[in-house]
Amino acid sequence: MTLTSLNSADGTSWVLRAVSGPIDAGVTGRDIPAVVPGEVQLDLLAAGLIADPFDGVNEKVQAWIGHCDWRYSTTFSWTPNDADRHDLVADGLDTAAAITLNGVEVARTQNQHRSYRFDVAALLRDGENELVVDFRSPIEFAREQEALLGERPTVMHHPFNAIRKVASNFGWDWGIDVSSSGIWKSIGIESWSGVRIASVRPLADVDGTAGILTAHVGLEWAAGAAAADVSVTVNGHTETVQVAPGETDAVLRVDAGTVALWWPRGYGDQPLSDVEVTAGDATWRSRVGFRTVVLDTAADEHGSRFHLTVNGTLIGIRGANWIPDDAFVTRITRDRYRSRIADAVDANMNLLRVWGGGLYESDDFYDACDELGVLVWQDFLFACAAYAEEDPLRSEVEAEAREHITRLSSHPSLALWNGCNENIWAYVEWGWRQQLGSKTWGEGYYFDLLPALVAELDPSTPYSPGSPFSYTRYAHPNDSRHGTTHIWDVWNDRDYTAYGDYRPRFASEFGFQGPPAWSTLTASVHDKPLDPYGEQMLVHQKAADGNLKLERGLGEHLPAPRSIEEWHWATQLNQARALRFGIEHFRSLTPLNSGSIVWQLNDNWPVISWAAVDYAGHRKPLWHALKHAFADRLITFQPRDGRPTLVAHNDSADRWRDTVRVTRQAFDGTELASQLIQLDVEPRGIAHVDLDTRVSTATDASGEFVSATGADATPAFWYFAEDPDLSLLPTSEAVEVSTERMPTGLRMTVTATSLVKDIVIQADRLDAAASVDRGLVTLVAGASAVFTVTGDIGSDVRIGFPVLCAANDLVTG
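A few points on the structure. (Residues numbered from 1 in each chain as written. Predicted model: local features only at pLDDT ≥ 70, side-chain atom pairs only at ≥ 80, totals over all residues. Heavy atoms only, no water.)

### Section: the overall build of the protein
Looking only at helices and strands, the protein has 18 helices and 46 strands in total. For 813 residues, the compact-globule estimate of 2.2 N^0.38 gives 28 Å, and the C-alpha radius of gyration of the protein, at 28 Å, lies within 12% of that figure. Considered along the principal axes of its C-alpha atoms, the protein spans approximately 90 × 65 × 60 Å. When each of the 813 residues of the protein is scored for burial, the buried share is 60%. When contacts within the protein are restricted to residue pairs at least 6 apart in sequence, those whose partners lie at least 24 apart make up 69%. Carbon and sulfur atoms provide 47% of the accessible area of the protein, an area that totals close to 29700 Å². Seen as two clouds, the 66 positive and the 111 negative side-chain charges of the protein have centres 3 Å apart. (Helix = DSSP H or I, 4+ residues; strand = E, 2+ residues; numbered from the N terminus. Rg over C-alpha atoms; globule rule 2.2 N^0.38 Å. Buried < 20%, exposed > 50% of the residue type's maximum accessible area, 1.4 Å probe, protein only. Contact = heavy atoms within 4.5 Å. Areas by Shrake-Rupley, 256 points an atom, 1.4 Å probe, with all protein chains shown as cover. Lys, Arg positive; Asp, Glu negative; His and termini not counted. Charge placed at Lys NZ, Arg CZ, Asp CG, Glu CD.)

### Points about the nonpolar core
By size, the foremost hydrophobic cluster in this structure holds 121 residues, and its most contacted members are Phe365, Phe380 and Tyr446. Sorting elements by how many residues they give to this core places helix H9 (residues 443–457) first, with seven residues. (Core = buried A, V, L, I, M, F, W, Y, C linked by side-chain atoms within 4.5 Å.)

### Observations regarding the sheet that holds strand S5 (residues 85–90)
Judged by pairing direction, the sheet is antiparallel, and its four strands sit side by side in the order S1-S12-S5-S9 without closing on themselves. The sheet is open, and its two edges are formed by strand S1 (2–5) and strand S9 (116–119), each paired on a single side. On average, adjacent strands in this sheet sit at an angle of 25° to one another, irrespective of strand direction. Note: S1 against strand S12 (residues 187–192), four bridges, orientation antiparallel. Bridging across to S12, Leu3 finds its partner in Glu190. (Pairing = 2+ DSSP bridges. Axes fitted to C-alpha atoms, helices over the stretch in contact; angles between N-to-C directions.)

### Structural notes on the packing of aromatic side chains
One pass over the full model with this rule turns up 42 aromatic pairs. An aromatic cluster of three or more residues is present, and its members are Phe306, Trp377, Phe447, Phe469, Tyr471 and Phe506. One Lys or Arg, Arg684, reaches over the ring of Tyr267 and ends 3.7 Å from the middle of that ring. (Phe/Tyr/Trp six-rings, centres within 6.5 Å; stacked < 30°, edge-to-face > 60°. Lys NZ or Arg CZ within 6 Å of the ring centre and 35° of its normal.)

### Remarks on the packing of helix H13 (residues 546–554) against helix H14 (residues 564–588)
One way to put it is that H13 packs onto H14 with a least axis distance of 10 Å and a crossing angle of 70°. With respect to their mutual orientation, H13 and H14 come out roughly perpendicular. Facing H13, whose interface residues are Asn547, Leu550, Gly553 and Leu554, H14 presents Trp567, Ala570, Thr571 and Asn574. Taken together, the residues that form the contact of H13 with H14 break down as four nonpolar, four polar and no charged. (Parallel < 35°, antiparallel > 145°, perpendicular 65-115°, else oblique. Nonpolar A, V, L, I, M, F, W, Y, C, P; charged D, E, K, R; others polar.)

### Here's the deal with the pattern of salt bridges
In this structure the tally under the stated criterion is 54 salt bridges. Note that Arg85 and Asp119 form a salt bridge whose closest N and O atoms lie 3.3 Å from each other. Of this pair, Arg85 sits in strand S5 while Asp119 sits in strand S9, placing them 34 residues apart in sequence. In this structure Asp119 comes out as partly exposed when scored by relative accessible area, which is 47%. With a shortest N-O distance of 3.5 Å, Asp712 and Arg633 are connected by a salt bridge. (Salt bridge = Lys/Arg side-chain N within 4 Å of Asp/Glu carboxyl O.)

### What about the side chain of Asn604?
When you line up the elements, Asn604 lands in the loop between strand S32 (595–598) and helix H15 (621–629). Residues contacting Asn604, with those up to four places away along its chain left out, are Phe54, Trp174, Gly175, Ile176, Ile323, Pro324, Asp325, Asp326, Ala327 and Tyr615.

### Some details on the pairing of S12
With six of six residues buried, S12 is to be regarded as a mostly interior element. Alternating residues of S12 divide into Ile187, Ile189 and Ser191 and Gly188, Glu190 and Trp192, and every residue in both groups is buried. Sheet topology note: the S5/S12 ladder contains six bridges and is antiparallel. Residue pairing in the sheet places Leu88 in a bridge with Ile189 of S12.

### Considerations on the sheet that holds strand S16 (residues 237–243)
As summarised here, the arrangement of the four strands in space is S16-S15-S18-S19, forming an open sheet in which the pairing is antiparallel. Two strands in the sheet have a free side with no partner beyond their single neighbour: S16 and strand S19 (282–288). The mean inter-strand angle of the sheet, taken between neighbouring strand axes irrespective of direction, is 15°. Pairing between strand S15 (residues 228–234) and S16: seven bridges, direction antiparallel. Bridge pairing in S16 places Ser231 opposite Thr240.

### Topic: H13
Structurally, the α-helix is built with 3.6 residues per turn, so residues lying three or four positions apart point the same way. Turning to H13, its buried residues are Gly546, Asn547, Lys549, Leu550, Gly553 and Leu554. Seen along its axis, H13 keeps its buried residues to an arc of 155°; they face one direction. A positive backbone phi angle near 45° is found at Gly555, which sits one or two residues after H13. (Arc of directions from axis to C-beta.)

### Considering H14
With 25 residues, H14 should cover 36 Å at 1.5 Å per step; its first-to-last C-alpha distance of 36 Å lies within 8% of that length. Taking burial as the measure, the 25 residues of H14 include 23 buried ones, the bulk of the element. (Expected span 1.5 Å × (residues − 1).)

### A few points about the environment of Ser77
By the secondary structure assignment, Ser77 is in strand S4 (residues 69–78). Distance in space between the C-alpha atoms of Ser77 and Asp126 is 7.7 Å, their sequence separation being 49 residues.

### Comments concerning a nonpolar patch on the surface
On the surface, Tyr533, Leu538 and Leu548 cluster together to form a nonpolar patch covering roughly 260 Å² of accessible area. Along the polypeptide, Tyr533 turns up in the loop between helix H11 (518–524) and helix H12 (535–539). Tyr533 gets classed as partly exposed once you look at its relative accessible area, which sits at 36%. (Patch = residues over 30% accessible without salt bridge, like charges linked within 9 Å, V, L, I, M, F, W, Y side chains within 5 Å.)

### Examining unusual backbone geometry
Looking along the chain, the bond that leaves Asp391 and enters Pro392 is cis, with omega of 10°. The omega angle of the peptide bond from Lys528 to Pro529 is -5°, so this bond is cis rather than trans. As for its position among the elements, Pro529 is in the loop between H11 and H12.

### Description of the pairing of strand S10 (residues 127–135)
As judged from the nine bridges shared by S4 and S10, these two strands associate in the antiparallel manner. When the sheet's bridge partners are listed, Trp78 is paired in S10 with Gly127. Here strand S7 (residues 96–101) runs beside S10; their pairing, made up of five bridges, is antiparallel. Each bridged residue has a counterpart across the sheet, and for Leu101 the counterpart in S10 is Leu131.

### A short note on the state of the cysteines
Here a disulfide denotes one covalent bond, and it connects the sulfur atoms of two cysteines. Taken as a whole and judged by the stated rule, the model has zero disulfides. Looking at the unpaired Cys384, the closest cysteine sulfur is the one in Cys420, lying at 9.2 Å. (Disulfide = S-S within 2.5 Å.)

See the structure below:
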């Protein structure tokens, strides 16, 4: 097989032209240099025809782009060879495309989530060839398909549910509306003879300590091909069969011998085995990990459990929801994937849920998860909308599902296929039944088509119809007593302490908003003066009444901000505290609760959102809260009958023996009462310890607190009043700071003379690319903490608010 790449990086020159629609005057009639793979806006940006789509109010200014039809064209030289087949292979077209080669239409496509292959031998010329790909406006195409299929409910302003395209590309309550078009994956001419390996599903299983690989090999044959040997090799073990021409499937079982099991991080290692498949002259290579995954949703005395077990071991899930890491998905590189997944690993997570309004991610994403032991919960791409079950949509759904189930079946990190995001819940509770009448809405996908395809193509991976889901027809789909739960009333309507009202078996979505890092925000928002309700600020806040909810969310926890700097810090801090409160509460319910998946890990542009890591890669205070709350060993104070109880959760493989010292003390460090607790917690176990009344009862609620300190966990704190009612000293009076220049940045030592709550170094205020190694550190009087800032730090450094931030800054004058 030989490949003639038509990608720009391999020397092919492409031209982009606006064909029809409300074309901007500066673009009309112009041939614009284009990059393939790429997207229209990126070419316009590179040509200087538009400004950065993420900046200011450019989203609205550039809305015309999504209403236009666009043409990509190129000429390339072709020399005939002796191959039997010459296929045009397009790995990704976004979205409604007409492909023309040398003036002859090859095909029309309408699915961003599929790849395409067409025999074009009869159309190729010796010498110069012209390839044209015309894209229909995604917005207009969606409207046309909606008219054809019938209008159905959706949460957004464009009918994304009528076509197969990344839903959030049309905007979301955290995402910019770019409505892009383009050849978004590789394209080229593949020449081959004899037999081609069309697909491989290398299904790994375990029988005791023996690995078993069942390889399902899909074959395509050129005319006149002879029989071919098909071989599969893993761990030095090979099986071979001879396949007759025209046979499209071969199944080979390879006994791989004794194998080391693949485990999620925190439970064992991640050994990967190379797999090689040959058919005639064709070769396919990948890796597998030997493991078993089972989803247990059986009824119990509390409702219906949600237990993911790997190799027979129940996994306590600590995870985050994942969205596309850039609104322009062609900019997501292998390194960017690995940086973001490292953010999850460093925050002690063991699962990422690929959300259904995004895309089936690149193999780079799943490879990194395989290597790092991060489980993947993969949604099929249905989110917050009703979907027609009739053609042309149904056939596209089946084709894309088959392709990606097959593609991802080799990855040991893949732990769950999930039918949809919130659509079953929405049908029951969001008023859809009345709107839909007798129209289909996706039920047949979630309960029939998709589970049948998973059972056929990837039977070793569990399937769930949706999230949330209760796994019984007689319960509300978002009943927290059953299965998976989404908790959104807290962000939308209630104080974050309302997380304490829930006893979820598994929380698969819950979140609280906060702004991105200051440098990320101000690089794109330029209101003068900067204000939460400025025009550009609100462009970068997509949630309904989002900044009002941020203010409401402060509640009694923090006072009203007195400046934009305080607003930024207070809302970031409140976001971090909200999620830490919720996760620690859920973990205290173990074993009733088997895990939680926070919304969300990442952003796809600079925005005020639920993310823990902003678009520029800055770890927000929330990230540091998650690192603590998801630690293997957690000490937390939980309210029980109006008093604090100490809870120690040991989510590690080793027994936890520790001496924990609990003290009630004044802010100046004076010890008022103490209690020693000898912890002895089983692996994956939990302990609840009542506190002595003299420790848990204050004599001065405004000036006392309780702390719990051990050798193997981050200290826990309990306060008898909210911050505005505490007699905290200003940070400048409560700390002493010393700095030391380092070759890579700055080492900062902070020593407290009085209680200082939740210290965060906003490193990006010193250098937009800087980072800091820790955050949300509370210091008692006499304690010190060292913060290491990595970045290009200038010589004139002022260490004070808003660089060094603490809760004290918000409640003192």
